[in-house]
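Reading the structure
Spelled out, the chains give:
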Amino acid sequence: MTAKPEILKLSKVANSRLFYIEAMELRFSNGVERQYERLRTGRQGAVMIVAINDRDEVLLIREYAAGLEEYVLTLPKGLIDPGEDAATAANRELQEEAGFGAREVSHVRQLTAAPNYMGHRLEVMLARDLYPSKLEGDEPEPLEVILWPLSQLPELFEREEFSEGRAIAALCLVQQRLAKAD
């Protein structure tokens, strides 16, 4: 299974402002042909920010999740704009969504979600040395910022309103990185 399947044909099935569905006709190395559909997003990718203040608290936001039709607790996140790198995008999104900038932003890891059906990539970023700074964002309403002690992450993971797998994974990755640094 070292050879990737040959792409015989790509065609757009449907599109929206943020996504489009693409049909892929593939031929595998054993000759079998299949059609797949995938959800495509912009090529720039996105960032999710684990912002930690000087009291070892992580900044969470409460925002409306249209897919679930309810408010959820999660980490600040957003798309990387054309011309931005991940660190710049993370600092901008943090200011737009949480009202804080960061003097120190570092890359933790790239994550994917449902890669069999989506080509979306998310860069997990760690933001430290925070300072108050607010930028105007595209959110339809102000987001509630909640500070959560890093020492109490197991309790956060038990909360029903904190269910986004990417946010849980991001916090676990950062927690592991911080434990190695000690």
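Before any of the text, the structure's been laid out above.
Fair warning: this is a prediction, and the values are worked out from it, not measured in the lab.

A separate point is the sheet that holds strand β10 (residues 144–149). A sheet is described by the order of its strands in space; here 3 strands give the open sequence β6-β5-β10, paired in antiparallel fashion. Each having just a single partner strand, β6 (70–74) and β10 make up the two edges of the open sheet. Averaged over all neighbouring strand pairs, the angle between strand axes comes to 30°, with direction disregarded. Judged from the 6 bridges that link them, strand β5 (residues 57–65) and β10 form a sheet pairing that is antiparallel. Note on β10: the bridge partner recorded for Leu 59 is Leu 147. Taken strand by strand, helix α1 (residues 86–98) contacts β5 and β10, and its axis lies near 70° from that of β5.

Moving on, we get to the pattern of salt bridges. Overall, the coordinates contain 18 salt bridges when judged by the stated rule. The partner of Arg 62 in a salt bridge is Glu 144, and the shortest N-O contact between them spans 2.7 Å. Note that Arg 62 is positioned in strand β5 and Glu 144 in strand β10, a separation of 82 residues in sequence. By relative accessible area, Glu 144 is classed as partly exposed at 40%. Ionic contacts of the salt-bridge type, sharing partners, join the residues Asp 81, Glu 84, Arg 92, Glu 93 and Glu 96 into one network.

Let's shift gears to the sheet that holds strand β3 (residues 33–40). The strands making up a sheet associate through hydrogen bonds between their backbones, and the pairing can be parallel or antiparallel. In spatial order, the strands read β1-β2-β3; together these 3 strands make up an open sheet with antiparallel pairing. In this open sheet, the two strands that pair with only one neighbour each are β1 (6–15) and β3. Within this sheet the neighbouring strands show an average axis-to-axis angle of 20°, counted without direction.

Moving on, we come to α1. For α1, spanning 13 residues, the distance from its first C-alpha to its last is 17 Å, which sits close to the expected 18 Å at 1.5 Å a residue. Among the 13 residues in α1, 11 count as buried, and that is most of the element. Taken together, the buried positions of α1 are occupied by Ala 86, Ala 89, Ala 90, Asn 91, Arg 92, Glu 93, Leu 94, Gln 95, Glu 96, Glu 97 and Ala 98. Looking at the buried residues of α1, the elements they touch are β4 (46–51), β5, β7 (77–79), β8 (100–112), β9 (121–132) and β10.

Val 50, Val 58, Leu 60, Leu 75, Leu 156, Phe 162 and Leu 171 are the most contacted members of the largest nonpolar core, which totals 23 residues. Mapped onto this core, the elements with two or more residues apiece are β4, β5, β8, β9, β10, α2 (153–158) and α3 (165–181). Here this core takes 4 residues from α3, the largest share from any one element. Apart from the residues lying within four places of it in its own chain, the contact partners of Phe 162 are Leu 60, Leu 73, Thr 74, Leu 156, Phe 157, Ala 167, Ile 168 and Leu 171.

Turning our eyes to something else, we now look at the environment of Ala 98. Assignment of secondary structure puts Ala 98 in helix α1. In sequence terms Ala 98 and Ile 61 are 37 residues apart; their C-alpha atoms lie 7.0 Å from each other.

Take a nonpolar patch on the surface next. There is a patch of nonpolar side chains on the surface, built from Leu 18, Phe 19 and Leu 79 and spanning about 260 Å² of accessible area. Here Leu 79 shows up in strand β7. The exposure class assigned to Leu 79 is partly exposed, which follows from its relative accessible area of 46%.

Following the criterion strictly, the structure yields 3 aromatic pairs and no others. Look at Phe 28 and Tyr 36: their rings are 6.3 Å apart centre to centre, the planes differ by 55°, and that puts the pair in the tilted class. Pairing Tyr 64 with Tyr 71 gives two aromatic rings, centres 5.4 Å apart and planes at 70°, and the pair type is edge-to-face. The partly exposed category is assigned to Tyr 64, whose relative accessible area is 44%. The class for Tyr 71 is partly exposed, based on a relative accessible area of 42%.

Conventions and cut-offs
- Residue positions are given per chain, counted from 1 along the sequence in the order it is written.
- Where totals are concerned, whole chains, interfaces and linings use all residues; where local detail is concerned, this predicted model gives features only for residues with pLDDT of at least 70, and gives and counts side-chain atom pairs only at 80 or more.
- Side-chain calculation: all heavy atoms of the structure are included, whereas hydrogens and water are not.
- Think of it this way: DSSP has to see at least two bridges between two strands before they count as a pair.
- Here a helix means four or more residues in a row that DSSP labels H or I, a strand means two or more in a row labelled E, and each is numbered from the N terminus.
- Simply put, an axis is a line fit to the C-alpha atoms, just over the touching stretch for a helix, and the angle between two N-to-C directions goes from 0 to 180 degrees.
- Contacts are assigned to residue pairs with any non-hydrogen atoms lying within 4.5 Å of each other.
- Just to be clear on terms, a salt bridge is a Lys or Arg side-chain nitrogen sitting within 4 Å of an Asp or Glu carboxyl oxygen.
- Using a 1.4 Å probe on the protein chains alone, a residue whose accessible area is under 20% of its type maximum counts as buried, one over 50% counts as exposed, and one in between counts as partly exposed.
- By definition here, a helix of n residues has an expected span of 1.5 Å times n minus one.
- Nine residue types can take part in a nonpolar core, namely buried Ala, Val, Leu, Ile, Met, Phe, Trp, Tyr and Cys, and a core is a set of them joined through side-chain atoms within 4.5 Å.
- Think of a patch as exposed residues, more than 30% relative accessible area, with no salt bridge, where like charges cluster within 9 Å and nonpolar side chains (Val, Leu, Ile, Met, Phe, Trp, Tyr) cluster within 5 Å.
- Accessibility throughout is a Shrake-Rupley quantity obtained with a 1.4 Å probe, and a residue counts as covered only by protein chains that appear here.
- Any pair of Phe, Tyr and Trp rings, taking the six-membered ring for Trp, is counted once the centres come within 6.5 Å. Such a pair is stacked with planes under 30 degrees apart, edge-to-face with planes over 60 apart, and tilted for the rest.

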